[in-house]
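Remarks on the overall topology
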Amino acid sequence: MVKLALPKGKLQKDTAALLDKAGFGLDDYNERSRSYRLKSSRFPDMFIKVFRERDIPIQVAIGNYDLGICGLDWMGELMAKYPASDVIKLKDLGYGGFDLCAVAGRSSGVTSARQLNGCFDKVRIVSEYQNIAEAFALKYRLRRFSILPILGAGEVYPPESADVAIIPKMTARKLASFGLTPIADIITCGACLIANKRTLSRINFSDILTSLQPFIGDVPVAEEMRIEEKPAGKGAMPCVESSDGDVRLALPDGHLMKTTAELLSRTALGIEGYSDDAPAHRPTVDIPGVSIKMIRPQDMPLQVANGNFDLAITGEDWLSDHLYRFPSSPARKVLKLGFAKVKIVAVVGPGFPADSIGDLRDMVRSGELRSVRVASEYVNLADKYARDNRLGGCRVIPTWGASEAFLPEDADLLIENTETGATLRKNNLNIIDTVCESTSCIIGNSDALSDPRKKERIGRLVKAIEDAIK
């Protein structure tokens, strides 16, 4: 049986169109479909599952899947750290193309990558591509650097919270709107078909490749990661003036944005540019000395701990996950807000012989289950939960969304958040335990909270929000 991993997200629409033209006859795979397991009328013995793109090269490399379709960016991210991985690119598919590049804040005066060592004692690089960011730093022999891992929206971090961001390339106008200038090209990305090297030596994929060939033609083979410097540009902007007493507030984008915006609209803070209709990446507030940026809630605890932000609105779940890894972190909860309530639950797949975490523990003790594979976006929370429940030699598998797809074939247990449980029920998954409950909250950096130069502004912000939730 051939096992194929298909992408969910930005490549989903074009991948579905390609496989439809190639006659795969997939039962439910289009830009809106939410099914994780698919059947092919042309290849009825093929096992097909849908994952987040980022997970696919890993699943293929470790041999859980023989073939996969993903972007070359995520293939490059894996190979940057694990060049000897058992994964190989078979074909470029001719869609989903974009360029990944390195950018710097224009206010820093940096217009080429080779200027970085001379401009910063320590270069702060922010990116969701952490391994590529490290390869970039080594390429330019940065004497001292740090990499700030995030889950996206890296363009909003320079210049205050990072010196360099590695992001998908934008138009010159859009880059200018963020105050950024390109300093290096990293890789030209597009959808590609990948395979496990070991599988390739024992399974003939010619039927699958032949079916695709008429519809992809002779797509030029994309270069592997190259990291080329951009010619030095012009137009450096004056440095942004900031005071040591300024307060930096991070507001969430994504699913927390709507409810957070509703809450803030009831305050007297006068926040502008923070709404679903016309979001600005740097909303404004009627308090001098306070600046705001929008970032991912998942990134906030680490960014607050690093001192890039003094306050942030995120979920208690993400703060807990951070504190389980960094128990002495300066990030701490300041105020519980009470909206965006979710439960973090332990889930097993259909037919799994455990109705409780006690049943699962008994399976480990009896040797019926030698090792528990735990899939979760909450890696640290999942690891603590497994240890607290004495699940023995468990292995935590990091995921980046669409985690339900991992059960039951690729994980035994899932640690996942849920509001109503409807999605889990739709996928025939069973909740066997509640790990914790979570709601939105304000978090703050303990050093900033005790800083006499920031106390008054932080106090006004927190008091205004506290009054709005009463």
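Everything below is about the structure shown above.
Owing to the predicted nature of the structure, the values given are computational and were not obtained by experimental measurement.

This paragraph deals with the packing of aromatic side chains. A full pass over the atoms with the stated rule returns eight aromatic pairs. Aromatic pair phenylalanine 24 and phenylalanine 43: ring centres 5.0 Å apart, planes at 65°, arrangement edge-to-face. One end of the pair, phenylalanine 24, is in the loop between helix 1 (12–21) and strand 2 (37–38); the other, phenylalanine 43, is in the loop between strand 2 and strand 3 (47–52), and 19 residues separate them in sequence. By relative accessible area, which is 14% here, phenylalanine 43 ends up buried. One aromatic cluster is present, built from ring pairs that chain together Phe47, Phe51, Tyr65 and Phe406. The ring of tyrosine 65 carries lysine 3 above its face, with NZ or CZ at 4.8 Å from the centroid.

One pass over the full model with this rule turns up 19 salt bridges. Across the pair arginine 37 and glutamate 409 runs a salt bridge whose closest N-O atoms are separated by 3.3 Å. Of the two residues, arginine 37 is situated in strand 2 and glutamate 409 in the loop between strand 19 (395–398) and strand 20 (413–418); the sequence distance between them amounts to 372 residues. Using a relative accessible area of 32% as the deciding quantity, one classes arginine 37 as partly exposed. On the accessibility criterion, glutamate 409 (28% relative accessible area) is partly exposed. Salt bridges sharing partners connect three or more residues here, namely Arg37, Lys49, Glu409 and Asp410.

Let's shift gears to the side chain of serine 438. With respect to the helices, strands and loops of the structure, serine 438 is situated in strand 21 (residues 430–438). Here glutamate 316 takes part through its backbone nitrogen, which lies 3.4 Å from a polar atom of the side chain of serine 438. Contact partners of serine 438, with chain neighbours within four places excluded, come to Gly315, Glu316, Asp317, Ala340, Lys341 and Val342.

Moving on: the sheet that holds strand 1 (residues 3–8). Strand order in the open sheet formed by six strands is 2-3-1-4-11-5, with mixed pairing between adjacent strands. Edge positions in the open sheet fall to strand 2 and strand 5 (87–92), since each of these has one partner strand only. Relative to strand 11 (residues 191–196), strand 4 (residues 67–71) is paired through five bridges, and the arrangement is antiparallel. What sits directly across from glycine 71, in strand 11, is alanine 191. Sheet contacts for helix 3 (residues 72–81): strand 4, strand 5 and strand 11; angle to strand 5, the most-contacted strand, approximately 160°. With respect to the sheet, helix 8 (residues 206–216) is in contact with strand 4, strand 5 and strand 11, its orientation differing from that of strand 5 by roughly 40°.

Note on placement: alanine 405 falls in the loop between strand 19 and strand 20. Residue classification places alanine 405 among the buried residues on the basis of a relative accessible area of 0%. Residues alanine 405 and phenylalanine 205 lie 200 residues apart in sequence; the distance between their C-alpha atoms is 24 Å.

In the contact formed by helix 1 and helix 8, the axes pass within 9 Å of each other and the chain directions differ by 110°. By the angle class used here, helix 1 and helix 8 are roughly perpendicular. For helix 1 against helix 8, the interelement crossing comes out right-handed. Residues Leu18, Leu19 and Lys21 of helix 1 lie in contact with helix 8, whose contacting residues are Leu212, Phe215 and Ile216.

Here is what the cut-offs are and how they apply
Residues numbered from 1 in each chain as written. Predicted model: local features only at pLDDT ≥ 70, side-chain atom pairs only at ≥ 80, totals over all residues. Heavy atoms only, no water. Phe/Tyr/Trp six-rings, centres within 6.5 Å; stacked < 30°, edge-to-face > 60°. Helix = DSSP H or I, 4+ residues; strand = E, 2+ residues; numbered from the N terminus. Buried < 20%, exposed > 50% of the residue type's maximum accessible area, 1.4 Å probe, protein only. Lys NZ or Arg CZ within 6 Å of the ring centre and 35° of its normal. Salt bridge = Lys/Arg side-chain N within 4 Å of Asp/Glu carboxyl O. Polar contact = N/O pair within 3.5 Å; in protein donor to acceptor, adjacent residues only side chain to side chain. Contact = heavy atoms within 4.5 Å. Pairing = 2+ DSSP bridges. Axes fitted to C-alpha atoms, helices over the stretch in contact; angles between N-to-C directions. Parallel < 35°, antiparallel > 145°, perpendicular 65-115°, else oblique. Left-handed = near helix turned anticlockwise from the far one by under 90°.

Read these as spatial facts, not as claims about activity.
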